[in-house]
Amino acid sequence: MAVAFVTGASSGIGEAVARRYAAAGTRVVATARRGDRLSGLVDEFGEDLIFVSVLDVRDRVAIEQLVASLPPAFAEVDVLVNNAGLALGLEPAPEADLDQWEQMIETNCTGLVYATRALLPGMVSRGRGHVVNLGSIAGTYPYPGGNVYGATKAFVHQFSLNLRSDLHGTGIRVTCIEPGMVGGSEFSEVRFAGDAERAADVYAGTQPLTPEDIASAVEWVTSQPQHVNINVVELMPVVQSFGPLPIDRPGQGSGSG
Ligand code: NDP
Ligand code: 8X3
C-alpha cells in the first residue's frame, strides 16, 4: 500500500489531497500546525490510513525528527505533497510588511526545501517516489501586490525542475502543480488577515477552481505509469485569464497596450 506525506493538510487543497488519497486506500501522513483540524481525518478514515502529526514546516529539526520516527506502516513515503503555503497581504512592495515577506519565504520556500530534503534519501534508496510541489500561476504571471508571494512560487517552479535534473536516473518523479484561483480554501482569509468579507469578495460571482479539482490533478500526476513524469501542470478556472500589460503615460493616467 502506498504512503503519501502531505504538508498543510488541515484545510483547503492539502485536506482535499489527504482525503482523496485516503479514500483510495493510500496511507496518509497528514501534517499542519493546527492538530485539531487534522483529527477529523482520523475520525473519518481511521488510524490505519491516517497518521497525524503537528508540524510547522519552518521547523527543520521537527521535520527531520518526524521523518525519522514515522510508524513502520507510514515510514516508506512514496509521494510527498509539498502543499503548505500562504500569501500574506497584497500591498505594493514599498508598503509591504517585511515580517510577512519573511514568513512567506520561510514557509513556501524554506519549509518546502526542508521537507523535500528530509524525504528524498528514503525515496532514492527505495528506487521509487514522487515529489509534488504546489506552485501557482503567481510564479509565472506577475500582478500588483503579488511581489514576494509570486517570487516564492517561481522558486517552487524552478526548484521542481532542478530536482528533476538532480534525480535523473533515480526513478524519482517530480511535478509542480500551478493553480490559478482556487476557492473553498482559507487562502484569501489568511492573505487578508481574517477579513472574511474581503476574502469572499475575491470569489464573488465566479466559479473558481476547488480544492478537489487540485486534488484530482495531484492524483492524476501520481497515477501515471512509472515511465511518465508530468513536469508542470498549470490550471485556471475558466473565469480567469490574462491581463493586459499596463503602460504608464505620465500626465494622462495609466492605460494598457
Ligand atoms: P489554505 O490556507 O486553506 O491551506 C494552507 C495550508 O498550509 C493549511 O493547511 C495550513 O495549515 C498550512 N500551513 C501554512 N503555514 C504552515 C506552516 N508554517 N507549517 C505547516 N503548515 C502550514 O490554502 P490553500 O489550500 O488554497 O493553499 C494550499 C497551497 O496551494 C499553498 O501552497 C498555496 O500557495 C497554493 N495555491 C493556492 C491557490 C489558491 O488560489 N487558493 C492557488 C495556487 C496555489 P495550518 O495553518 O494548520 O498550519
Ligand atoms: C494563488 C493564486 O492568483 O491569488 O496562488 O496568486 S493567486
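That block above? That's the structure.
Thresholds applied
- Residues numbered from 1 in each chain as written.
- Chains lettered and ligands numbered in written order.
- Predicted model: local features only at pLDDT ≥ 70, side-chain atom pairs only at ≥ 80, totals over all residues.
- Heavy atoms only, no water.
- Near = heavy atom within 4 Å.
- Polar contact = N/O pair within 3.5 Å; in protein donor to acceptor, adjacent residues only side chain to side chain.
- Areas by Shrake-Rupley, 256 points an atom, 1.4 Å probe, with all protein chains shown as cover.
- Nonpolar A, V, L, I, M, F, W, Y, C, P; charged D, E, K, R; others polar.
- Pairing = 2+ DSSP bridges.
- Helix = DSSP H or I, 4+ residues; strand = E, 2+ residues; numbered from the N terminus.
- Axes fitted to C-alpha atoms, helices over the stretch in contact; angles between N-to-C directions.
- Contact = heavy atoms within 4.5 Å.
- Phe/Tyr/Trp six-rings, centres within 6.5 Å; stacked < 30°, edge-to-face > 60°.
- Buried < 20%, exposed > 50% of the residue type's maximum accessible area, 1.4 Å probe, protein only.
- Lys NZ or Arg CZ within 6 Å of the ring centre and 35° of its normal.
- 1 Å grid on protein atoms, 1.4 Å probe; cavity = no way out; pocket = protein on both sides within 12 Å on 5 of 7 lines; lining within 4 Å.
- Points joined across faces, edges and corners; volume = space filled by probe spheres on them.

A. Fine view of the site of ligand 1. Taken together, 29 residues surround ligand 1, and among them Ser10, Arg33, Arg34, Tyr149 and Ser185 come closest. Contact distances for ligand 1 include 3.0 Å between an oxygen atom and a backbone N or O atom of Gly8. Measuring from an oxygen atom of ligand 1, one finds a backbone N or O atom of Asn83 at 2.8 Å. When isolated, ligand 1 has an accessible area of 870 Å², and the protein chains bury 96% of it.

B. Representation of the site of ligand 2 within the structure. By nearness alone, every residue bordering ligand 2 is listed as Ser136, Ala138, Tyr143, Tyr149, Phe187 and Arg191. Taking Ser136, its side chain carries an N or O atom lying 2.5 Å from an oxygen atom of ligand 2. Within the side chain of Tyr149, an N or O atom sits 2.6 Å from an oxygen atom of ligand 2. Coverage of ligand 2 by the protein chains reaches 82% of its 240 Å² of free accessible surface. When its residues are assigned to classes, the shell around ligand 2 shows 4 nonpolar, 1 polar and 1 charged.

C. Representation of the sheet that holds strand E6 (residues 173–179) within the structure. Read across the sheet, 7 strands follow the order E3-E2-E1-E4-E5-E6-E7 without closing on themselves; strand pairing throughout is parallel. Among the strands making up the open sheet, the edge pair consists of strand E3 (50–54) and strand E7 (232–235). When the angles between neighbouring strand axes are averaged without regard to direction, this sheet yields 15°. When strand E1 (residues 3–7) meets strand E4 (residues 79–82), the two strands line up parallel, connected through 3 bridges. Bridge pairing in E4 links Phe5 to Leu80. Sheet contacts for helix H6 (residues 147–166): strand E5 (130–134), E6 and E7; angle to E6, the most-contacted strand, approximately 160°. Each of E4, E5, E6 and E7 touches helix H9 (residues 211–222); the most contacted strand, E6, lies at about 160° to it.

D. Representation of the packing of aromatic side chains within the structure. Enumeration over the complete set of coordinates arrives at 4 aromatic pairs. Between Phe51 and Phe74, the aromatic rings sit 5.7 Å apart at their centres with planes inclined by 40°, giving tilted as the arrangement. Linking Phe51 in strand E3 with Phe74 in helix H4 (residues 72–75), this pair joins segments that are 23 residues apart in sequence. The exposure class of Phe51 is partly exposed, given its relative accessible area of 24%. Over the ring of Tyr149 we find Arg191; its NZ or CZ atom is 5.4 Å from the centre of that ring.

E. Structural view of the layout of surface pockets. For the second largest pocket, the calculated volume is near 210 Å³. Residue lining of the second largest pocket: 15 residues in total, with Ala2, Asp78, Val79, Arg173 and Thr222 positioned closest to the centre. Broken down by secondary-structure element, the contributors of at least two residues to the lining of the second largest pocket are E1 and H9. Grouping the amino acids of the lining of the second largest pocket by side-chain chemistry returns 5 nonpolar, 6 polar and 4 charged.

Remember, this is a structural readout, not a statement about activity or role.
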